[in-house]
Every structure is written in C-alpha cells, then in structure tokens.
Amino acid sequence: AQSVTQLGSHVSVSEGALVLLRCNYSSSVPPYLFWYVQYPNQGLQLLLKYTSAATLVKGINGFEAEFKKSETSFHLTKPSAHMSDAAEYFCAVIGNNDMRFGAGTRLTVKP
Amino acid sequence: DAGVTQSPTHLIKTRGQHVTLRCSPISGHKSVSWYQQVLGQGPQFIFQYYEKEERGRGNFPDRFSARQFPNYSSELNVNALLLGDSALYLCASSLGHRNSYEQYFGPGTRLTVT
C-alpha cells in the first residue's frame, strides 16, 4: 500500500538559509507524489507534484523537490527561506482512490 | 475562476447531534473528496465521489455519509456526533478520479463538538 513518512515534525531555519523538508515514500507501483502547504486556519495549497515526467520538479514560491527512486525519497527544498514560508508542509502520495498524507512538518523561520 | 468553496466555515455542535457540511468544486471538476484533519495531524481520507457515485471510502464509521449532486457539489453528513469528530473537514476537487489528477482543496469547515 502506498504511504509517505515525513521525517521531523518541526524544522527551524534562519531567514535566508536553506530549507530541507524530508519525505520518504512506500509504493509498489510508480508513485504520484505531492507537496502541499497549509497556513494557519486555511486549507491546503499545492506546491508541486511528481507524476514521473521529470525527477526534479519545480513548484511555486521557489520550492522544488527531487524524486529519488533509489532512496524512495521526495524531499522538498528551497535555497533561501523567507519569513512568509513559515507554515505546515505535507507530503502526500496517491493511493487507490485517495490521497495519503504524512503527519506534516511545521517550518519556523527565524529573523 | 472560483476555487473550491465550503460552507459553513465554522460550526459548533453538541454531542449526539448531526451535521451537514457542503462543498462546491471548481467549475469543470467532476470528482469530490472529503478529508478529516485533526489538530496536529495530516488529513485523513473519508470519501471520494465521481459522477455522483462513491469511488472510495476511508476507515470511518457508518455515522459518516456523503453524496454528490448532479451539479457535482457534495455534502458530508455526520450523525451522532462525538467529541472526537472535532476537526477541520476539507473538501478537494479534481477533474476525474484517476490517480494522475491532482486535487485542489477548499479552505475547510472547522467543526467543534462540545
């Protein structure tokens, strides 16, 4: 069964520093993988998606993620953190008829 | 274009009552999915509907039910509310039910059961 695991429930970085949010997946078939962001009291906004077209996926707001089959990973990165990036980030994989989410990683950006 | 809309935004109910939550998908989208997000956790899948038929059901009790209307809008019903049903309920729409279609989420309905 398809699933994702997010490593680290809380990540803190300084403004301007590299952001790295980790996600590992488990899937018996080539997976469709997603990263979503959730700001307080809001719904989920799609950052980017992987659907096997290219292993390096660029998303909105300067985020990108690289699909690594050998490591079963789909980590999210951004070269330089901004204060507005502070939010909850969710990795997700498509299951049979549903989308399965990780537990989330809360990103804090320090000035 | 309008995104996914949900109503109401907030709701307070008492244990034992029932609740109906509503969702309107993005124009042209025929699939609607419902998720429950308990505070501090990722969303959990409840239902998926496509062309008014149930296409998937998560691990939720029969107190949870849903339907989709001819205009593709959807309702989620929860009977005999429990304190543990307090959560953010998210609706997502997509073009179809196939795995390649990405889902667009609404702002959610915050349900508090007292």
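Further up the page is the structure itself.
Residues numbered from 1 in each chain as written. Chains lettered and ligands numbered in written order. Predicted model: local features only at pLDDT ≥ 70, side-chain atom pairs only at ≥ 80, totals over all residues. Heavy atoms only, no water.

Our focus in this paragraph is the layout of surface pockets. In this structure, the largest pocket encloses a volume near 290 Å³. Taken together, 16 residues form the lining of the largest pocket, with Gln38 and Arg106 of chain A together with Gln37, Leu39 and Gly40 of chain B sitting closest to its centre. If one sorts the elements of the lining of the largest pocket by residue count, strand S9 (residues 87-94) of chain A sits on top with three residues. Taken together, the residues of the lining of the largest pocket break down into seven nonpolar, six polar and three charged. The calculated volume of the second largest pocket comes to roughly 180 Å³. Taken together, Asp98, Met99, Arg100 and Phe101 of chain A together with Pro43, Gln44, Phe45, Arg57, Gly58, Asn59 and Phe60 of chain B make up the full set of residues lining the second largest pocket. Among the elements that line the lining of the second largest pocket, the one with the most residues is strand S10 (residues 99-101) of chain A, at three residues. (1 Å grid on protein atoms, 1.4 Å probe; cavity = no way out; pocket = protein on both sides within 12 Å on 5 of 7 lines; lining within 4 Å. Points joined across faces, edges and corners; volume = space filled by probe spheres on them. Helix = DSSP H or I, 4+ residues; strand = E, 2+ residues; numbered from the N terminus. Nonpolar A, V, L, I, M, F, W, Y, C, P; charged D, E, K, R; others polar.)

All names here are of chain B. Across the seven residues that make up strand S4 (residues 31-37), a large majority, seven, are buried. A two-sided burial pattern is seen for S4, the buried positions comprising Ser31, Ser33, Tyr35 and Gln37 on one face and Val32, Trp34 and Gln36 on the other. Where S4 lies against strand S5 (residues 44-50), six bridges are found, and the strand directions are antiparallel. Within S5, the residue paired with tyrosine 35 across the bridge is phenylalanine 45. The antiparallel pairing of S4 with S5 creates a hairpin that spans six residues between the two strands, and glycine 40 there sits at a positive phi of about 85°. Sheet analysis places S4 next to strand S9 (residues 87-94), joined by seven bridges and oriented antiparallel. (Buried < 20%, exposed > 50% of the residue type's maximum accessible area, 1.4 Å probe, protein only. Pairing = 2+ DSSP bridges.)

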